[in-house]
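The residues making up each chain are set out below.
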Amino acid sequence: MLEIFAGKEALKTLQTEGFTNEVFSAFLGASGGPKWFSLFGLDKYLFGEFFKDRQQTLSLIGSSAGAFRAACFAQADPVAAISRLAKYYSETVYADKVTPAEITQSARVLLKQVLGTNGAAEIINNDVFKAHFIVAKANGLVASEQKALQLAGLVKSYAMNRLSRRLLNKQYERYVYHTPNSNLQFHDESEFTTHYVNLTERNLADALLASGSIPMVMQGIKNIPDSPPGMYRDGGIIDYHFDIKLENQRGLTLYPHFNSNPKAGWFDKSLKRKVNPRNYATTVMLVPSAQFIASLPYGKIPDREDFTKLATDERIKYWRTVLSETERLAEAFNHFLADPDLSLIHPI
């Protein structure tokens, strides 16, 4: 039902200190659009039970859909917030020939529904659950909103990335919009220039929207307040599933993810390139099993292609079923915590 993976150092810590919420100091949320629906029940359990009443800081790091989840977890009622995100995202409907501008506007409406009246302030002022939204600042052709030029820039990115991930440095910079007073730092072997910007009431909505602004699908977000002028796009371009080391973090990193084979960046999706296992040495991954996924409608987890491959009513029904079925993952994790058997944990 639920598989658990751990890096070498993480497993040693779990063996000596136990599988408790206190051993974790960071939480990762990956890109992947509606694929995160496969983690919905687990998300509710983690922030409604496992991390409930937590006092020490937990750094929430997310790109794209993972950033939206982090924004939910850092609100005063994380279960209500993530439930709003699941409801409004799963019920989103687009016209047949929807434009990037229309999708972007729909995302803005979704964001308002998720944040509500006080969500932004709650995120900014949360000293326990500190949010970090990853955004990619686009330079050169990939910054253009002209479809042909942007596509040419993306083709260049794909070609350069096949040679070396480091060659993307001139096209993209990493911006981390974070809760004020966070001292979290990223160590990146691909040497992307990384900037850290405090979240404010002025920039939070734009930064969060930018983190999920998929190239060619959505408009980029231009000139985010408190940031250098320019075009900002989906954080998953650089940090799709993460290949980074977190500095200034003493504890472990908890990483619920929809598969056990993370990819560093968006352009690595079709490549055999693997992440550096050393960057996962202190990470614990919670992953839906192949058996669980096979039990879902269509034998798969949701993805963006469902918008075009399925009729609207069929898609919404399928997604609602998945959201409901993920309660079984929460039950499986709860059962594990009641009597942890560390021999069941797989190595990363």
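See above for the structure.
Just so you know, these numbers come straight off a predicted model, no measurement behind them.

In this section: helix 8 (residues 204-211). By the criterion of burial, helix 8 is predominantly enclosed, with 7 of the 8 residues buried. Within helix 8, burial applies to Leu204, Asp206, Ala207, Leu208, Leu209, Ala210 and Ser211.

Let us now look at the environment of threonine 312. Position of threonine 312 relative to the elements: it lies in helix 11 (residues 312-325). Separated by 220 residues in the primary sequence, threonine 312 and threonine 92 have C-alpha atoms spaced 9.1 Å apart.

Taken as a whole and judged by the stated rule, the model has 28 aromatic pairs. Between tyrosine 89 and tryptophan 319, the ring centres sit 6.4 Å apart and the planes meet at 80°, which makes this aromatic pair edge-to-face. Separated by 230 residues along the polypeptide, tyrosine 89 in helix 4 (residues 78-90) and tryptophan 319 in helix 11 bring together distant segments of the chain. A single burial state applies to tyrosine 89 and to tryptophan 319, both of which are buried. With centroids separated by 5.2 Å and ring planes inclined at 85°, the aromatic side chains of phenylalanine 307 and tryptophan 319 adopt a geometry described as edge-to-face. Of this pair, phenylalanine 307 sits in helix 10 (residues 306-309) while tryptophan 319 sits in helix 11, and the two are 12 residues apart along the sequence. On the accessibility criterion, phenylalanine 307 (23% relative accessible area) is partly exposed. The exposure class assigned to tryptophan 319 is buried, which follows from its relative accessible area of 0%. Through a chain of ring-to-ring contacts, three or more aromatic side chains come together here, namely Phe19, Phe24, Phe27, Tyr45, Phe47, Phe50, Phe51, Phe73, Phe129, Phe333 and Phe336. In this structure, lysine 87 packs its charged tip against the face of tyrosine 88, placed 5.9 Å from the ring centre. The positively charged end of arginine 315 is found above the aromatic ring belonging to tryptophan 319, 4.7 Å away from the centroid.

Core analysis: the largest hydrophobic core is formed by 80 residues, its most contacted members being Phe133 and Phe333. At 7 residues, helix 3 (residues 65-73) tops the list of elements feeding residues into this core. If sequence neighbours within four positions are ignored, phenylalanine 333 has contacts with Leu2, Phe19, Leu42, Tyr45, Leu46, Phe50 and Leu286. Within the second largest apolar cluster, 18 residues are counted, among which are Leu28, Ile61, Val176 and Ile244.

The element strand 12 (residues 283-288) is extensively covered by neighbouring structure, given that 6 of its 6 residues are classed as buried. Residues Thr283, Met285 and Val287 line one face of strand 12 and the alternating positions Val284, Leu286 and Pro288 line the opposite face, and both faces are buried. The pairing of strand 1 (residues 2-6) with strand 12 spans 5 bridges and is classified as antiparallel. Note on strand 12: the bridge partner recorded for glutamate 3 is valine 287. Examined bridge by bridge, strand 11 (residues 252-256) and strand 12 share 4 bridges and lie parallel to one another.

Next up on the list: helix 5 (residues 100-115). Given 3.6 residues per helical turn, the α-helix brings residues three or four places apart onto the same face. Its 16 residues place the ends of helix 5 22 Å apart at the C-alpha level, agreeing with the 22 Å of an ideal helix rising 1.5 Å per residue. Taken residue by residue, helix 5 has Ile103, Thr104, Ala107, Leu110, Leu111, Val114 and Leu115 as its buried positions. Down the axis of helix 5, the buried set is contained in an arc of 120°. They therefore lie on one face. Contact partners of the buried residues in helix 5: helix 3, helix 4, helix 6 (119-124) and helix 8. Directly after helix 5, the chain includes glycine 116, whose backbone phi takes a positive value near 65°.

Before going further, it helps to examine unusual backbone geometry. A positive phi angle is found at phenylalanine 242, which is not glycine, with a value near 85°. Among the secondary structure elements, phenylalanine 242 is positioned in the loop between strand 9 (231-234) and strand 10 (245-247). On the basis of relative accessibility, which here comes to 1%, the residue phenylalanine 242 falls in the buried class.

So, about the pattern of salt bridges. When charged atoms on two side chains of opposite charge get close, those side chains can pair. If you walk through the whole model with that rule in mind, you get 16 salt bridges. Residue aspartate 43 is joined to arginine 69 by a salt bridge in which the shortest nitrogen-to-oxygen separation is 2.8 Å. A residue pair is termed long-range when its members are at least 10 positions apart, and aspartate 43 in helix 2 (residues 40-50) and arginine 69 in helix 3 qualify at 26 residues. One exposure class covers both aspartate 43 and arginine 69, and it is buried. Of the charged contacts, one joins glutamate 91 and lysine 87 as a salt bridge, the two residues approaching to 3.2 Å between their closest N and O atoms. Judged by relative accessible area, which is 27%, glutamate 91 ranks as partly exposed.

Calculation notes
- Residues numbered from 1 in each chain as written.
- Predicted model: local features only at pLDDT ≥ 70, side-chain atom pairs only at ≥ 80, totals over all residues.
- Heavy atoms only, no water.
- Buried < 20%, exposed > 50% of the residue type's maximum accessible area, 1.4 Å probe, protein only.
- Helix = DSSP H or I, 4+ residues; strand = E, 2+ residues; numbered from the N terminus.
- Phe/Tyr/Trp six-rings, centres within 6.5 Å; stacked < 30°, edge-to-face > 60°.
- Lys NZ or Arg CZ within 6 Å of the ring centre and 35° of its normal.
- Core = buried A, V, L, I, M, F, W, Y, C linked by side-chain atoms within 4.5 Å.
- Contact = heavy atoms within 4.5 Å.
- Pairing = 2+ DSSP bridges.
- Expected span 1.5 Å × (residues − 1).
- Arc of directions from axis to C-beta.
- Salt bridge = Lys/Arg side-chain N within 4 Å of Asp/Glu carboxyl O.

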